[in-house]
Amino acid sequence: MKKIFPVRFSRLLFLLILIFPARSFAQEGPGPSVRLTPVEVTSTRIPTPADEATDSITIINLGESKGDSAPLVADQIREVPGVGVQASGSVGEETIIRIRGSEQYQTLVLFDGVRLNSSFTRAADLSDYFAAGLDRIEIVRGAFGSLYGSDAIGGVINLIPYPGRSLLQGIKKEKGASVWAEGGSYSTFKERAEIFSAGEESAVSLGLARVDSGGRNARDGFAGNLATGKYQILVPGGIEVGISALFSNSKKELYLDTPISLYLQQGALTQVRDSNYSEERETLLTAVSLRKQLFLNGELSISGSVLRGEDDLLNPPDPGWTDSYSSWTDTWRKGIGFQLNLSPIKANSILFGGEYSEEDAREILETNLMQGGEGDPQWLKIDGGRIERALFFEDRLKIRDVFFLNAGLRGDFSSDLPDSKIFLSPRGSAAFVLSPWGTKIRGGAGRGYRSPAVEERFFPIQGNPELKPEEAWSYDAGLEQEIVKYGIKFDLTWFWLRYKNLIGLVPDSLQLQNSDLAKADGLEAGLAYQPDKRLRIKLGYTFNRARKRTAEPDEESGQPVEKWSNFFWRPRHSFAGTLSIVPVKELSAGVSWEWRGGYDEPENIVDPDGKPLNGNNPGFARVNLFSEYTIPYSLKPLESLSVFFRGENILNRKYSEVKGFPMPGISFYGGVNLKI
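Here the structure is a predicted model, which is why all the values come from computation and not from measurement.

Rules and cut-offs
- Residues numbered from 1 in each chain as written.
- Predicted model: local features only at pLDDT ≥ 70, side-chain atom pairs only at ≥ 80, totals over all residues.
- Heavy atoms only, no water.
- Pairing = 2+ DSSP bridges.
- Helix = DSSP H or I, 4+ residues; strand = E, 2+ residues; numbered from the N terminus.
- 1 Å grid on protein atoms, 1.4 Å probe; cavity = no way out; pocket = protein on both sides within 12 Å on 5 of 7 lines; lining within 4 Å.
- Points joined across faces, edges and corners; volume = space filled by probe spheres on them.
- Phe/Tyr/Trp six-rings, centres within 6.5 Å; stacked < 30°, edge-to-face > 60°.
- Buried < 20%, exposed > 50% of the residue type's maximum accessible area, 1.4 Å probe, protein only.
- Lys NZ or Arg CZ within 6 Å of the ring centre and 35° of its normal.
- Salt bridge = Lys/Arg side-chain N within 4 Å of Asp/Glu carboxyl O.

Peer 1: Just give me the short version of the sheet that holds strand 7 (residues 114–115), but keep the residues and values in it.
Peer 2: What the 5 strands build is an open sheet, ordered 3-8-9-6-7; its pairing is mixed. Strand pairing shows two members of the sheet lacking a second neighbour, strand 3 (56–61) and strand 7, which therefore form its edges. The pairing of strand 3 with strand 8 (residues 134–141) spans 6 bridges and is antiparallel. Looking at strand 8, one finds that Ser56 is bridged to Arg141.

Now the structure itself:
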């Protein structure tokens, strides 16, 4: 496969470098190491110490790269309780993220607080997103329509680039650079370069990454590029100007097809090997923000962003087959907003804000699938969009570092809704902290919704312009316990979601409809044990029971009978863990594992060799190894040079996370990590 490095990519990197003044890298040497209080912003929009969070939130800090660090974002979050990651095969294939059993398009993905979800599908695919230039990943579980509006039903994933906090809050003075590269099985090569610098008046980061893989067979190759950047500077008047950007570009060879003509004949998804099926994607996000401190310990921020996406699926007819399907999708989202934080007293913070956005999505289809794969291709055009306006309010109360209370409300005005109708999304959460015992008790409830996607409203035959937004109420209660003396942290959370107006096909209908009811409930548990720097154990468990109410014909009377059935691709039980040891200062090693119980799948499949794959997915177990050795030396300006090794699926288990799309077998990777 030819490497993908288009002229647009080169121009973007050049522009990123130009907007980062050289003086940002001319700061004086790093000051003394200062541990700043971890700040989370995703679940409140008000910068808050993580130990004061009232919601179910997980923070993955990416500042230290180790041998067990997964290079892709999707792999970084696999072990988080309540989060399900489902890959359709090798690197670059579609990767679906579900939080608490929600659908992919019910999980909101942000980059530096700006949404990445497509306006055409309402979903974000993280299959080719590298963890480059990021300070941390914040994952919030539960419905957060009160802060983010549409799509935040199951939860929110926020990819936060370095430095991860505002200059107005104060950041640690430092600078550095790193180069990371690995190669291994399936002709796979991954490279990452990062550079960062922070001082009192400016901060900058730039991350570049590339992935090349030959895949599991002759037509499973993948090549992708990613660039992330952020620049912050204080200008006269005490105003912070921030610019952040993300660019991704990829091409994936798709070696399997499921012709509709065979499906109509056999009643099963029959896979055939395809010689010319491919997908090309591109995403560009740019955002600008202005921040200014005000009276009453307040802060005003004004922001604007543009998100553009392209997704081209190319599948000309193969010799011997008449099915034809190709599509060219172009999406835009432009938004502006403001946010005002006030803290009239130390114990109380108030936030008020508003947003305005315009979305537009177009897709051109060349296909004969609607004719059962017969006849000449038809050209079809799907065109839709929406205008959204919103006002939101949040109040955060803190009493003697013991009791914390958050309450918020958002009203969304969408062109999808009837005239003058407002969709209200409230949320409230509280936490009670017993510091002497290291105990936190928390709970919350909120409402979320998802506007119908353009493809759901206007796709030929199935599309329905009259669809209502999906809705859900989310409840959770949790206990967090820390025993500092023994290096133990434990958390347990119960959750329950009740869905309404889910979009899907109902019996005897070819058009998408709003179904009545669905629900999910379960438990999330996490345990971390680190008695000293030489040993670390992390365990995570999820119990998830996601069900929907359906109407199926009775065998005797033929009349519809209501019943509850499982959602597809949702395992009841999931377990993951990591054991890492540091036998000597220069060496770290360990093992990680992932186990998922069986789950329902929607279709029977006949693979390319004619083998039927019927029934449900039995689940899988996977074990990985990792190690990293830092070469001792004292050569400046190098900070460290290490070599690492990773082994994935070392038991060589044959399994599929999506039936019919096998995951890679045993594979090994090695590389170097250089820090300056």
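Peer 1: Give a description of the sheet that holds strand 36 (residues 612–613) that names residues and reports values.
Peer 2: Reading across from one edge, 16-35-36 is the order of the 3 strands in this open sheet, with mixed pairing throughout. Where the open sheet ends on each side, the last strands, each with one partner, are strand 16 (269–270) and strand 36. Relative to strand 35 (residues 605–606), strand 16 is paired through 2 bridges, and the arrangement is parallel. Bridging from a neighbouring strand, Thr270 pairs with Val606 of strand 35.

Peer 1: Could you give an account of empty space enclosed by the protein, naming the residues involved and the relevant values?
Peer 2: For the coordinates displayed, the defined rule picks out 9 cavities of 30 Å³ or more. Considered as a void within the structure, the second largest cavity measures approximately 340 Å³ in volume. Along its surface, the second largest cavity is lined by 25 residues, and Val83, Gly84, Val85, Pro571 and Ser574 are the ones closest to its centre. Breaking the lining of the second largest cavity down by element, the ones donating at least two residues are strand 4 (83–87), strand 31 (535–553), strand 33 (573–584) and strand 34 (587–596).

Peer 1: Provide a residue-level description of the packing of aromatic side chains, including the pertinent values.
Peer 2: Applying the stated rule across the entire model yields 11 aromatic pairs. With centroids separated by 6.0 Å and ring planes inclined at 70°, the aromatic side chains of Phe130 and Trp180 adopt a geometry described as edge-to-face. With Phe130 in the loop between strand 7 and strand 8 and Trp180 in strand 10 (residues 174–184), this residue pair connects regions lying 50 residues apart in the sequence. The class for Phe130 is buried, based on a relative accessible area of 3%. Positioned over the ring face of Trp180 is Arg192, at 4.9 Å from the centre of the ring.

Peer 1: Lay out the pattern of salt bridges with the relevant residues and their values.
Peer 2: Summed over all chains, the structure comprises 52 salt bridges. With its nearest N and O atoms 3.9 Å apart, the salt bridge here joins Glu280 to Lys251. Here Lys251 lies in strand 14 (residues 239–253) and Glu280 lies in strand 18 (residues 278–294), a separation of 29 residues in the sequence. For Glu280, a relative accessible area of 32% corresponds to the partly exposed category. Of the residues examined, Lys251 reaches a relative accessible area of 29% and is grouped as partly exposed. Residue Glu355 pairs with Arg410 through a salt bridge whose shortest N-O separation is 2.9 Å. Taken together, the residues span a long stretch of sequence, with Glu355 in strand 21 (residues 348–367) and Arg410 in strand 23 (residues 403–414) at a distance of 55 residues. Arg410 sits in the buried class, given a relative accessible area of 4%. Through salt bridges with shared partners, a single ionic network connects Arg115, Arg122, Asp151, Arg333, Glu359, Arg386 and Glu388.

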